[in-house]
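# Observations on the model geometry
One-letter residues, chain by chain:
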Amino acid sequence: MKVLIVGSGGREHALAYSVSLSPKVDKIFCCPGNAGIAEIAECVDIKAMEFDRLVWFAKTNEVDLCIIGPDDPLVGGLADAMQEAKVPVFGPLKDAAILEGSKAFSKDLMKKYGIPTSAYEVFDDPAEALKYLDNARFPIVLKADGLALGKGVLICETLDQARNGVKEIMLDKKFGTAGNKLVIEEFLKGREVSVLTFCDGKTIKVMSSAQDHKRIGDGDTGLNTGGMGTFSPSPFYTKKIDEYCRKNIYKPTVDAMQKEGRPFKGVIFFGLMLTEDGPKVLEYNARFGDPEAQVVLIRMKNDIIDVIMACIEGKLSRVKLEFEDNAAVCVCIAENGYPVKYNKGHVITGLEKFDGMDGYFCFHAGTKKSSRGIVTNGGRVLGITAKGPDLRQARANAYEAVTWVDFEGKYYRKDIGKAIDEA
Ligand code: AMP
Ligand code: GLY
């Protein structure tokens, strides 16, 4: 089988790694990929939003399966374009990817089908939004409706902050057209957990849980990022919580999408808050998380191609998902200054130390090959990932491996997985 993976981050490297383990696969392409992915796949310089070129490439190279990693091409309709060209594709069609593409859509869906989430209102008129804030309770959460690189969510402690947020999102259009509509929602307290699931339109199968660390600084301080590290499983996601979520959140979501005429085939990523009143949905994503995929996929025992083909063919009910009875931790190494302003082009040393090290993984994100060797090429650079028999050992292993690599401007959080000690 020839498989094409679209994307260039740590998530896509983890996907390429999983795909490379399948005996059914003899060739992997990645568009555009990165220096790490290039070790296991042929990287081709076509960007994830160049739909025509991607479809042309898939047809010309007789690709048997296209796996779409990131949100933008999914929300933009790359799966539709592949399907029209008769290229088997893993990832939701545009109609279903709206689950991530519009926060107003997803909130209204949850309300309509009784899926637990925070109270909210949707606004398309900034004056109305400002008026609403006058009687609101703080902190309060403002969300730009559309995709905003994970930055369109503002948690506002005061009325002034919230007013300013409405201005930034709806009037100044800081996140472009994503701010044409605004969701204002109740602030929830609790522990966050990420749960990834496979869906074939009707059936949903749950992967092992994970926890992300979204803020740039230790102790969850500073700006939001794409994610600075993860661990899996989450010790706070108990069997009881899992049972509740399957019954009240996961299955109802897939059923709701089917009833709405938007059957979801692909990965639904449930961002949950475990509140005192039970788990509630913070957000849906229509894809694997990054860096959640890095810790979840390496623990999956199934051949990923079998699972993906079952999703595409509507046969997921026949699959039994199995995960190793261990743990994994991923520590992201970024360029100093990320997520605001950072340099690129620094030579990365020590990458060869991962060769032959069972249970240790160096997933590349922003890297590229150059005449000087492999250099940094983005904010998040590497996702150093390790397994262990339990979370503590996995964390110790990951932090040991973080010392193996170096580059000028190397930055990482020192407290990934600290929550484990509170479990
Ligand atoms: P989202 O992009 O919707 O996941 O939001 C980004 C982050 O903002 C989440 O991971 C949470 O940490 C936080 N967040 C979003 N919605 C809420 C909420 N209603 N209450 C508290 N925190 C939230
Ligand atoms: N790590 C969070 C995300 O992928 O959206």
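Residues numbered from 1 in each chain as written. Chains lettered and ligands numbered in written order. Predicted model: local features only at pLDDT ≥ 70, side-chain atom pairs only at ≥ 80, totals over all residues. Heavy atoms only, no water.

Surrounding ligand 2, one finds D212, G226, F269, N285, R287, G289, D290, P291 and E292. Within the contact set of ligand 2, an oxygen atom lies 2.9 Å away from a side-chain nitrogen or oxygen of R287. Between D290 and ligand 2, the recorded distance is 3.0 Å, taken from a backbone N or O atom to an oxygen atom. In isolation ligand 2 exposes 190 Å². Once the protein is present, 89% of that is buried. Split by residue class, the shell around ligand 2 holds two nonpolar, three polar and four charged. (Near = heavy atom within 4 Å. Polar contact = N/O pair within 3.5 Å; in protein donor to acceptor, adjacent residues only side chain to side chain. Areas by Shrake-Rupley, 256 points an atom, 1.4 Å probe, with all protein chains shown as cover. Nonpolar A, V, L, I, M, F, W, Y, C, P; charged D, E, K, R; others polar.)

Counted under the stated rule, the structure contains 28 salt bridges. Here R287 ties to E100 by a salt bridge, and the two come within 3.1 Å at their closest N and O atoms. A residue pair is termed long-range when its members are at least 10 positions apart, and R287 in the loop between β17 (278-285) and α10 (292-297) and E100 in helix α5 (residues 94-101) qualify at 187 residues. Residue classification places E100 among the buried residues on the basis of a relative accessible area of 7%. Residue R163 is joined to D134 by a salt bridge in which the shortest nitrogen-to-oxygen separation is 3.0 Å. Note that R163 is positioned in helix α8 (residues 159-171) and D134 in the loop between α7 (126-133) and β7 (140-144), a separation of 29 residues in sequence. Here the salt bridges share partners, and the residues they tie into one network are K24, D303 and D306. (Salt bridge = Lys/Arg side-chain N within 4 Å of Asp/Glu carboxyl O. Helix = DSSP H or I, 4+ residues; strand = E, 2+ residues; numbered from the N terminus. Buried < 20%, exposed > 50% of the residue type's maximum accessible area, 1.4 Å probe, protein only.)

This part takes up the nonpolar core. Ranked by size, the top nonpolar core spans 80 residues in total, and within it L4, M82, Y250, L272, L382 and I384 carry the most contacts. Looking at which element gives the most residues to this core, the answer is helix α9 (residues 239-259), with seven residues. Other than its neighbours up to four places away in sequence, L4 contacts F29, C30, C31, L54, F57, A58, V63, L65, C66, I67 and M82. Judged by nonpolar contacts, the second largest core, of 43 residues, contains A14, M309, C311 and F323. (Core = buried A, V, L, I, M, F, W, Y, C linked by side-chain atoms within 4.5 Å. Contact = heavy atoms within 4.5 Å.)

For helix α1 (residues 10-20), the tally of buried residues reaches nine of eleven residues, placing the bulk of the element in the interior. Listed in full, the buried residues belonging to α1 are G10, R11, E12, H13, A14, L15, A16, S18 and V19. Those residues of α1 that are buried are in contact with β1 (2-7), β2 (27-32), β4 (65-68), α10, α11 (304-313) and β19 (360-364).

Within β2, five of the six residues are buried, leaving the element largely enclosed by the surrounding structure. Note that β1 and β2 share six bridges and pair parallel. Paired with V6 across the bridge in β2 is C31. Between the parallel elements β1 and β2, the chain passes through α1 in a crossover that is right-handed. Bridge analysis of β2 against strand β3 (residues 42-43) gives two bridges, and the strand direction is parallel. (Pairing = 2+ DSSP bridges. Right-handed = clockwise from strand over helix to strand, strands pointing away.)

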